[in-house]
Amino acid sequence: MTTLRLIAAALVATLLAAPVLADEMPVYKLQMKDGQLIPARLVVPAGKKFKIEVMNVGKTPAEFESITLRKEKVLGPGAESFLVFQPLSPGEYKFFDDFHPKTGQGVIVAK
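Residues numbered from 1 in each chain as written. Predicted model: local features only at pLDDT ≥ 70, side-chain atom pairs only at ≥ 80, totals over all residues. Heavy atoms only, no water.

J.: Can you help me understand the packing of aromatic side chains in this one?
T.: For any pair of aromatic rings, the description consists of the separation of the ring centres together with the inter-plane angle of the planes. By the definition in use, this model includes four aromatic pairs. When the ring of tyrosine 28 is compared with that of phenylalanine 50, the centres are 6.0 Å apart and the planes differ by 80°; the resulting orientation is edge-to-face. Here tyrosine 28, found in strand 1 (residues 27-33), pairs with phenylalanine 50, found in strand 4 (residues 50-56); they are 22 residues apart in sequence, far enough to count as distant. Just as tyrosine 28 is buried, phenylalanine 50 falls in that class too. With a centroid separation of 4.8 Å and an interplanar angle of 5°, the aromatic rings of phenylalanine 50 and phenylalanine 85 are classed as stacked. Placement of the pair is phenylalanine 50 in strand 4 and phenylalanine 85 in strand 7 (residues 80-85), with a sequence separation of 35 residues. By relative accessible area, which is 2% here, phenylalanine 85 ends up buried. One aromatic cluster is present, formed by Tyr28, Phe50, Phe64, Phe85 and Phe95 through successive ring pairs. For the cation-ring pair, lysine 51 lies above phenylalanine 82, with the distance from its terminal atom to the ring centre recorded as 4.7 Å. For lysine 71, the ring lying beneath its charged end belongs to phenylalanine 85, and the centroid distance is 5.2 Å. (Phe/Tyr/Trp six-rings, centres within 6.5 Å; stacked < 30°, edge-to-face > 60°. Helix = DSSP H or I, 4+ residues; strand = E, 2+ residues; numbered from the N terminus. Buried < 20%, exposed > 50% of the residue type's maximum accessible area, 1.4 Å probe, protein only. Lys NZ or Arg CZ within 6 Å of the ring centre and 35° of its normal.)

Next comes the structure, spelled out in structure tokens:
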């Protein structure tokens, strides 16, 4: 029984620590509005996993897309979602709104 209690205690400790670990990941907010990206430039820490919360606040569909980062997310009007990125090397990574490619251009800068 002692071994079982130790395992249970370890499991509880792990579950309680999980929210703390999740809080360590930086979160950035990006609004997409009918071909406009707000902000169009996101500066993130290089070498650290991060999350972008994407909100389509416009009246037309939007799609976050980055060919170099191999990420895409389609959002209908009023929809919200998120993307999690693995640690990036220092540099600039372009992204765009695939429904509005002429005006919806952005960049993630990893420093």
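J.: What is the right way to look at unusual backbone geometry in this model?
T.: Trans peptide bonds make up most of the peptide bonds, and negative phi angles are found at most residues other than glycine. Cis rather than trans, the peptide bond between isoleucine 38 and proline 39 has omega equal to -5°. Non-glycine residue aspartate 34 carries a positive phi angle of around 50°. Examined against the element boundaries, aspartate 34 turns out to sit in the loop between strand 1 and strand 2 (36-38). Although it is not a glycine, arginine 70 adopts a positive phi angle of roughly 55°. Considering the arrangement of structural elements, one finds arginine 70 in the loop between strand 5 (62-66) and strand 6 (71-75).

Fair warning: the whole summary comes from geometry, so function is off the table for now.
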